[in-house]
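Observations on the three-dimensional arrangement
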Amino acid sequence: MFLAAFTSTGPREVSPDATLLSRLLQKDVNAFEQLYDRHSRLVYGLVLRILQQASTSEEVVQDVFLQLWRNAEQYDSSRGPFVPWLCTMARNRALDQLRLKSERQRRREDQPDELPPVVVAPDYEKALDEKRRAERVRSLMASLTPQQKKAIELAYFEGLSHSEIAAALQEPLGTVKSWIRNGLLRLKKGLQATT
Amino acid sequence: MEAYALGALDPEERAALETHLATGCPNCAKAVEEARWLVSQLAYAAPEAAPSDMLKGRLMQTVRAEAQSHSEAKPHVMPARSIIPFWLWAAVAALFVFSLYSTWNMRRLQDEIRQSNDRAAALLQQRQKAEQQLAAAKREAMILMDPSSVKVSLAGQNAEGPHLEAICHSQLGIVVMGENIPMPSPHHVFQLWFIPKAPGAKPMPSMMTWPDANGKFVMLVSNPPESMEATKALAITEELEGGSPWPTATPRWSGGLN
């Protein structure tokens with residue numbers, strides 16, 4: 001499988017995040033501040049993209065980082081990288097906030113305060129720094145067809161389902177599924193090729 | 001799996017996949033992990049933006065106050081003698097106890113509010129799920145009971161193998177059912193197709209699902225094509241997860257509409 005080809009067999013370097021998180025368990029305020037400085041722009045950018053409103057986005061970001069401060073022990077750094085986990089938590093919170101505001105009736109498995117599952121990463125995960133990773137993902141997204149990009153963005157940033165996207169774009173359901181599947185496949189191959 | 005990690009599956013597809021994942025299929029569990037990582041990378045597609053300095057100020061103020069409460073809660077040794085008068089110690093102690101109580105009370109209230117919100121959200125989700133399941137069950141029952149429903153037998157490739165049966169209703173939808181249905185190959189699903197009567201017309205893709213652990217297969221299509229009269233047959237193929245916009249394999253089951 002895709003992931004298996006990148007599973008690490010050698011010793012892993014301890015990331016700065018892992019060191020800071022271990023200090024966070026001791027309620028080290030400086031470690032928290034460094035984690036905030038390292039990742040708040042990414043988290044805020046993601047939440048702002050979803051909610052489109054600065055004040056509400058700051059409330060969600062505050063909530064996410066306070067959750068991290070108060071429940072750092074619930075993140076297991078040995079099982080996966082920190083940033084995808086943090087972003088998943090931020091996205092879930094932001095989408096919950098979005099649904100609360102629009103009173104959209106839609107089933108969802110994530111609980112408002114539930115921590116996200118650990119995200120297991122391929123080995124090349126550590127090979128890219130945050131800046132290069134962002135450039136790579138944006139470049140790959142720009143290489144998708146406009147329909148693929150739009151469908152994936154509606155799903156990821158607005159939390160819409162296949163049917164909701166098909167209704168919003170007035171396209172057949174099967175076509176929307178195909179756009180999302182092929183777009184993500186292309187994104188995966190692009191990230192795989194980055195190594 | 002990517003659509004599942006993205007949260008884009010519709011309730012029926014999501015429920016079918018989660019039922020399958022609950023069986024402990026190791027291949028699919030690993031595929032979900034891969035998909036979650038891939039989807040998490042989409043966060044980098046958002047334009048980076050800097051939150052206000054006030055946010056950091058508020059956060060650090062809260063965090064420092066909580067860290068102080070945490071450290072003050074630890075027992076420490078007091079000097080045996082002090083030049084500070086007793087009344088001043090008493091005042092400081094009273095102030096300290098009051099501030100501790102205020103902090104504790106504030107956090108307790110915050111926790112209570114959060115827990116109440118959690119409970120309300122969980123109940124709402126449970127209710128929505130139950131309503132969706134009930135609605136699906138009602139619709140299935142109506143389709144099965146309605147005298148205007150048409151029964152279609154879907155014969156398998158292997159004449160001795162299990163057969164499927166489709167009950168079609170022009171307004172309510174279609175229920176496809178079967179027993180002792182084998183699982184599709186790893187990373188594959190069963191996908192339903194509507195075969196048009198018009199010569200050369202492409203088959204229309206529909207729902208995807210898996211049989212449950214006991215081989216029971218139930219698929220409810222609540223939004224069939226508007227004009228079933230233009231459909232001459234139903235077919236089910238085995239496709240890669242996520243489905244396909246066109247059939248890529250010979251039908252495992254098929255049957256004509258009269």
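Residues numbered from 1 in each chain as written. Chains lettered and ligands numbered in written order. Predicted model: local features only at pLDDT ≥ 70, side-chain atom pairs only at ≥ 80, totals over all residues.

1. As for the overall build of chain B
Worth spelling out the cut-off: Comment: elements are numbered from the N terminus, with helices defined as DSSP H or I runs of at least four residues and strands as E runs of at least two. Partly exposed residues are those whose C-beta has more than 12 but fewer than 20 other C-beta atoms within 10 Å; with 20 or more the residue is buried, with 12 or fewer it is exposed, and the C-beta atoms are placed from the backbone. Whether two residues are in contact depends on their C-beta atoms, placed from the backbone: they are in contact if these lie within 7 Å.
Looking only at helices and strands, chain B features five helices and eight strands. Counting from the amino terminus, chain B carries its helices and strands in the arrangement α-α-α-α-α-β-β-β-β-β-β-β-β. Looking at the 258 residues of chain B, the share that counts as buried comes to 28%. Sequence-distant contacts in chain B: of pairs separated by 6 or more residues, those separated by 24 or more amount to 60%.

2. A word on the overall build of chain A
A tally of helices and strands in chain A yields eight helices and zero strands. Secondary structure elements of chain A, listed N to C terminal, follow the sequence α-α-α-α-α-α-α-α. Relative to its full complement of 195 residues, chain A shows a buried share of 41%. Contacts in chain A between residues at least 24 apart in sequence constitute 71% of all its contacts with a sequence separation of at least 6.

3. Notes on the sheet that holds strand β1 (residues 150-156) of chain B
Residues and elements named next belong to chain B. Heads up, the rule is: Here the rule is simple: two strands pair whenever DSSP picks up at least two bridges between them. As a rule, the C-alpha atoms of each element are fitted with a line to give its axis, helices using only the stretch in contact, and angles between N-to-C directions run from 0 to 180 degrees.
Read across the sheet, eight strands follow the order β5-β4-β7-β8-β1-β2-β3-β6 without closing on themselves; strand pairing throughout is antiparallel. Taken across any chain shown, the strands that pair with only one partner, and hence form the sheet edges, are β5 (204-209) and β6 (217-221). Neighbour to neighbour, the strand axes of the sheet diverge by 20 degrees on average, direction disregarded. Here five bridges tie strand β3 (residues 173-178) to β6, and the two strands are oriented antiparallel to one another. Each bridged residue has a counterpart across the sheet, and for Val175 the counterpart in β6 is Leu220.

4. A short note on the confidence of the model for chain B
Residues and elements named next belong to chain B. Heads up, the condition is: One confidence number per residue, pLDDT, is output by the predictor and ranges from 0 to 100.
Looking at chain B, the pLDDT average stands at 86 and 95% of residues meet or exceed 70. The lowest-confidence element of chain B is helix α3 (residues 26-40), averaging 85 in pLDDT; the highest-confidence one is strand β8 (residues 253-256), averaging 92. Complex prediction metrics read pTM 0.54 and ipTM 0.80.

5. Quick notes on the interface of chain B and chain A
Heads up, the rule is: Residue polarity follows a fixed list, in which Ala, Val, Leu, Ile, Met, Phe, Trp, Tyr, Cys and Pro are nonpolar, Asp, Glu, Lys and Arg are charged, and the others, Gly among them, are polar.
Between chain B and chain A, the residue contacts involve 52 residues of the former and 57 residues of the latter. At the level of elements, α1 (2-6), α3, α4 (53-72) and α5 (86-145) of chain B are the ones that each hand at least two residues to the side of chain B that touches chain A. Among the elements that make up the side of chain B that touches chain A, the one with the highest residue count is α4 of chain B (10 residues). Split into classes, the residues belonging to the side of chain B that touches chain A amount to 27 nonpolar, 12 polar and 13 charged.

6. Digging into the packing of helix α7 (residues 162-169) of chain A against helix α8 (residues 173-193) of chain A
Residue and element names in this part refer to chain A. What counts is decided by this rule: An angle below 35 degrees is treated as roughly parallel, one above 145 as roughly antiparallel, one from 65 to 115 as roughly perpendicular, and anything else as oblique. For any helix crossing, the convention is left-handed if the near helix is rotated counterclockwise from the far helix by under a right angle, and right-handed if that rotation is clockwise.
Contact pair α7 / α8: the axes reach a minimum separation of 9 Å and the direction vectors enclose 110 degrees. Judged by the inter-axis angle, α7 sits roughly perpendicular to α8. For the pair α7 and α8, the sense of crossing is right-handed. Within the contact between the two elements, α7 uses His162, Ser163, Ile165, Ala166 and Leu169 and α8 uses Leu173, Val176 and Lys177. Here the contact of α7 with α8 is built from residues that sort into five nonpolar, two polar and one charged.

7. What to know about unusual backbone geometry
Although it is not a glycine, Lys27 of chain A sits at a positive phi angle of roughly 60 degrees. Structurally, Lys27 of chain A is set in the loop between α1 (16-24) and α2 (29-51). With 18 C-beta atoms packed within 10 Å, Lys27 of chain A lands in the partly exposed category. Although it is not a glycine, Asn180 of chain B adopts a positive phi angle of roughly 55 degrees. Of note, Asn180 of chain B is situated in the loop between β3 and β4 (188-196). A count of 12 C-beta atoms within 10 Å places Asn180 of chain B in the exposed class.

8. A few points about the packing of α2 of chain A against helix α3 (residues 54-70) of chain A
All names here are of chain A. Where α2 contacts α3, the two axes come as close as 9 Å, and the packing angle between them is 140 degrees. Put simply, α2 runs oblique to α3. Considering how the two elements wind past one another, α2 and α3 form a crossing that is right-handed. Between α2, through Phe32, Tyr36, Ser40, Val43, Tyr44, Val47, Leu48 and Leu51, and α3, the contact on the second element is made entirely by Ala54, Thr56, Ser57, Val60, Val61, Val64, Phe65 and Trp69.

9. Some points on the nonpolar core
Residues and elements named next belong to chain A. What counts here: In this usage, the nonpolar core is the set of buried Ala, Val, Leu, Ile, Met, Phe, Trp, Tyr and Cys residues whose C-beta atoms join them within 7 Å.
If you look at the biggest cluster of nonpolar residues, it comprises 96 residues, and the most contacted ones within it are Val43, Leu46, Val47, Ala90, Ala155 and Ile180. Broken down by element, the residue count for this core peaks at 11 residues, all from α2. For Val43, the contacting residues outside a window of four places in its chain are Val61, Val64, Leu86, Cys87 and Ala90.

10. A closer look at α3 of chain A
Let me state the cut-off plainly: A helix is expected to reach a length of 1.5 Å times the quantity of its residues less one.
Helix length check: α3 of chain A (17 residues) gives 24 Å between terminal C-alpha atoms against 24 Å at 1.5 Å per residue, within 8%. When we look at burial in α3 of chain A, the residues that qualify are Ser57, Glu58, Val60, Val61, Val64, Phe65, Leu68 and Trp69 of chain A.

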